[in-house]
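Single-letter residue listing:
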Amino acid sequence: MTDALLVSNALLWVLVIALALLVLALARQVGVLHERVTPVGALALGRGPRVGEAAPGIEAPTLAGTRIALGGVSAQARSTLLFFLSPSCPVCKALLPALHSVIAREDPSLRLVYASDGPEPEHQTFAKAHGLELAAYALSTELGLSHHVGKLPYAVLIDAAGVIRAQGLVNTREHLESLFEARERGVGSLQELIARERGGSDTLTH
Amino acid sequence: MIALDLALAWAASAALALVFAQAAWHKLRDLEGFASAVEAYHLMPASLAPLAATQLAAAELVLVGTLVLPPARAGAALAALALLGVYSAAIAVNLARGRRDIDCGCTGPALRQPLSGWLLVRNAALIAVAAAAAAPTAPRALGPADALPIAGGALAAFALTLAGNQLAANAPASRALRARSPAFGARARSAEVRA
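Residues numbered from 1 in each chain as written. Chains lettered and ligands numbered in written order. Predicted model: local features only at pLDDT ≥ 70, side-chain atom pairs only at ≥ 80, totals over all residues.

Peer 1: Outline the overall build of chain A, listing residues and values.
Peer 2: A tally of regular secondary structure across chain A gives six helices and seven strands. Going from the N terminus to the C terminus, chain A shows its helices and strands as α-β-β-β-α-β-α-β-α-β-β-α-α. A total of 206 residues make up chain A; the buried ones form 32% of that total. Taking the intrachain contacts of chain A between residues at least 6 apart in sequence as the baseline, contacts between residues at least 24 apart amount to 67%. (Helix = DSSP H or I, 4+ residues; strand = E, 2+ residues; numbered from the N terminus. Buried ≥ 20, exposed ≤ 12 C-beta atoms within 10 Å, placed from the backbone. Contact = placed C-beta atoms within 7 Å.)

Peer 1: An account of the overall build of chain B is needed here, citing residue identities and associated values.
Peer 2: Within chain B, the secondary structure is distributed over six helices and zero strands. Ordered by position from the N terminus, the helices and strands of chain B form the series α-α-α-α-α-α. Looking at chain B as a whole, 36% of its 195 residues are labelled buried. Long-range contacts, defined as pairs at least 24 residues apart, comprise 76% of the intrachain contacts of chain B with a sequence gap of at least 6.

Peer 1: Now, about the sheet that holds strand S5 (residues 137-139) of chain A: what can you tell me, with residues and values included?
Peer 2: Residues and elements named next belong to chain A. Strand order in the open sheet made by the five strands is S5-S4-S3-S6-S7, with mixed pairing throughout. Of all the strands in the sheet, the pair left with one neighbour each is S5 and strand S7 (164-169). Neighbour to neighbour, the strand axes of the sheet diverge by 20 degrees on average, direction disregarded. Pairing of strand S3 (residues 80-84) with strand S6 (residues 154-158) involves five bridges; the strand directions are antiparallel. Looking at S6, one finds that Thr80 is bridged to Ile158. Strands in contact with helix H5 (residues 173-185) are S6 and S7; relative to S7, the strand with the most contacts, it is inclined by about 155 degrees. (Pairing = 2+ DSSP bridges. Axes fitted to C-alpha atoms, helices over the stretch in contact; angles between N-to-C directions.)

Peer 1: Summarise helix H2 (residues 90-106) of chain A; cite the residues concerned and give the values.
Peer 2: All names here are of chain A. Taking 1.5 Å per residue as the helical rise, H2 with its 17 residues ought to reach 24 Å, and the 24 Å between its terminal C-alpha atoms agrees with that figure. Largest kink in H2: about 40 degrees, centred on Leu96, with the proline Pro97 one to four residues after it. Residues Val91, Cys92, Leu95, Leu99 and Val102 constitute the buried set of H2. Among the structural elements, S3 and H5 are those in contact with the buried residues of H2. (Expected span 1.5 Å × (residues − 1). Bend = angle between axes of the 7 residues up to and from the residue.)

Peer 1: Report on the packing of helix H4 (residues 73-96) of chain B against helix H5 (residues 117-134) of chain B, specifying residues and quantitative values.
Peer 2: All names here are of chain B. Interaxial distance between H4 and H5 falls to 8 Å at its minimum, and their mutual angle equals 165 degrees. If you check the angle between H4 and H5, you find them roughly antiparallel. Handedness of the H4/H5 crossing: left-handed. The segment H4 lies against H5, with Ala74, Ala77, Leu78, Ala80, Leu81, Leu84, Gly85, Tyr87, Ser88, Ile91 and Ala92 engaging Leu119, Leu120, Asn123, Leu126, Ile127, Ala130, Ala131, Ala133 and Ala134. Looking at the contact of H4 with H5, its residues break down into 17 nonpolar, three polar and no charged. (Parallel < 35°, antiparallel > 145°, perpendicular 65-115°, else oblique. Left-handed = near helix turned anticlockwise from the far one by under 90°. Nonpolar A, V, L, I, M, F, W, Y, C, P; charged D, E, K, R; others polar.)

Peer 1: I'd like a description of the nonpolar core, backed by residues and values.
Peer 2: Ala15, Leu16, Ala80 and Ala130 of chain B are the most contacted members of the largest nonpolar core, which has 50 residues in total. Residue assignment for this core shows that the elements contributing at least two residues are helix H1 (2-37) of chain A together with helix H1 (6-29), helix H2 (31-40), helix H3 (49-67), H4, H5 and helix H6 (147-194) of chain B. Top element by residues in this core is H1 of chain B. It accounts for twelve residues. When near neighbours in sequence (up to four residues on either side) are disregarded, Leu16 of chain B contacts Leu67, Ala77, Ala80, Val129, Ala130 and Ala133 of chain B. By size, the runner-up hydrophobic cluster in this structure holds 38 residues, among which are Val51, Leu85, Ala127 and Leu143 of chain A. (Core = buried A, V, L, I, M, F, W, Y, C linked by C-beta atoms within 7 Å.)

Peer 1: Which residues make up H2 of chain B, and what values go with them?
Peer 2: The buried count for H2 of chain B comes to seven of ten residues, which makes it a mostly enclosed element. Buried within H2 of chain B we find Phe34, Ala35, Ser36, Ala37, Val38, Glu39 and Ala40 of chain B. Buried-residue contacts for H2 of chain B involve H2 of chain A together with H1 and H3 of chain B. One or two residues past the end of H2 of chain B sits His42 of chain B, with phi positive at roughly 55 degrees.

Peer 1: Kindly report on the pairing of S6 of chain A, identifying the contributing residues and their values.
Peer 2: Residues and elements named next belong to chain A. For S6, the buried fraction is high: five of the five residues fall into the buried class. Burial along S6 is two-sided: Tyr154, Val156 and Ile158 facing one way and Ala155 and Leu157 facing the other are all buried. Looking at chain direction, S6 and S7 are connected through five bridges and run antiparallel. By the bridge assignment, Ala155 is partnered in S7 with Gly168. Hairpin connection from S6 to S7: five residues lie between these consecutive antiparallel strands, with Gly162 at a positive phi of about 85 degrees.

Peer 1: Go over unusual backbone geometry, please, and point to the residues and values.
Peer 2: Of note, the phi angle at His42 of chain B is positive, near 55 degrees, even though the residue is not glycine. Inspection of the secondary structure assignment puts His42 of chain B in the loop between H2 and H3.

Peer 1: Explain the pairing of strand S2 (residues 67-70) of chain A to me, and be specific about the residues and the numbers.
Peer 2: Along S2 of chain A, the buried face is formed by Ile68 and Leu70 of chain A; none of Arg67 and Ala69 of chain A, which line the opposite face, is buried. Counting the residues that bridge the hairpin from strand S1 (residues 58-61) of chain A to S2 of chain A gives five residues, and of these Gly65 of chain A lies at a positive phi of roughly 90 degrees.

Listed below in structure tokens is the structure:
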């Protein structure tokens, strides 16, 4: 009798562990599936100036005490990447190295402008701690409002003619790369690209 | 207080040791990332966050070692209970502040987990396990048959904790997917109109 109980108990343990591992494997699989179905592109929020429209012309003060002109035709024929961030946003901080390496690879001539608003001392400490160029760090509430930036980190890619080429909420390196991808393919966001490739709205509203 | 069977207390200790080993492994692999997660909790001056992160990771490692050491086991279980309490309090404070979008810092950079009530439930379960591990036990000799509940219980509990973490990390993506569909269609339609 004791032997039988022991055998039955051992069998149950084996099954319990197998089931727990199976649940774990299923949860992992769900995670992988989520990664696959989520569009990798930066998420365009659909308010403010659209892709293809001119970026609002604004002259914003920088942390270096200078002023930086945004929007309009670039005299040096350079594109601009406006990166909206905040010292209190961990994702923004985590994304900075990826931002610099993506730019170095995709378009080294690009003018990178950090944009934020709020009390200046906080931004000075933040910019120095992360080695950000002070003259490229714009502090202007107007800038964020004009682009209807709601969530951070948000990026806007403006071409040499001052036209917005791609924009969206960026949370990962892939999102940043998608901005350049969207510019090269001439579409506003990857969602739009997917919509075009699938041939309209029918297949998407399910 | 009723004394707990020694095998059960050991199973609880071993399960906790596995959970903390995995947590410490993630933290040590990306100490910088964990430091910024600690900082994001806004519970201490930012300059202290890297130090606190290192100490938390070290504390977890010490717990892993002491939880499986017979003389230190009960004491380590109490320390684990305290550490879990601290984690829960930190999460609860930030939930109360409404800061649900910061990363928990529990599961490393590969598996971002925003703060949620689920984390408190998970920690409450782990605290119960720690309490069982710290409970007074009736002395008895452990035989070979005790290996089954100890190893089996610890492994199954560990796998279930991992599965729970994974499901919690999936939850935001799952919600976004459910919420996105109509807006996604609307965007596609507006793109078609413009084209």
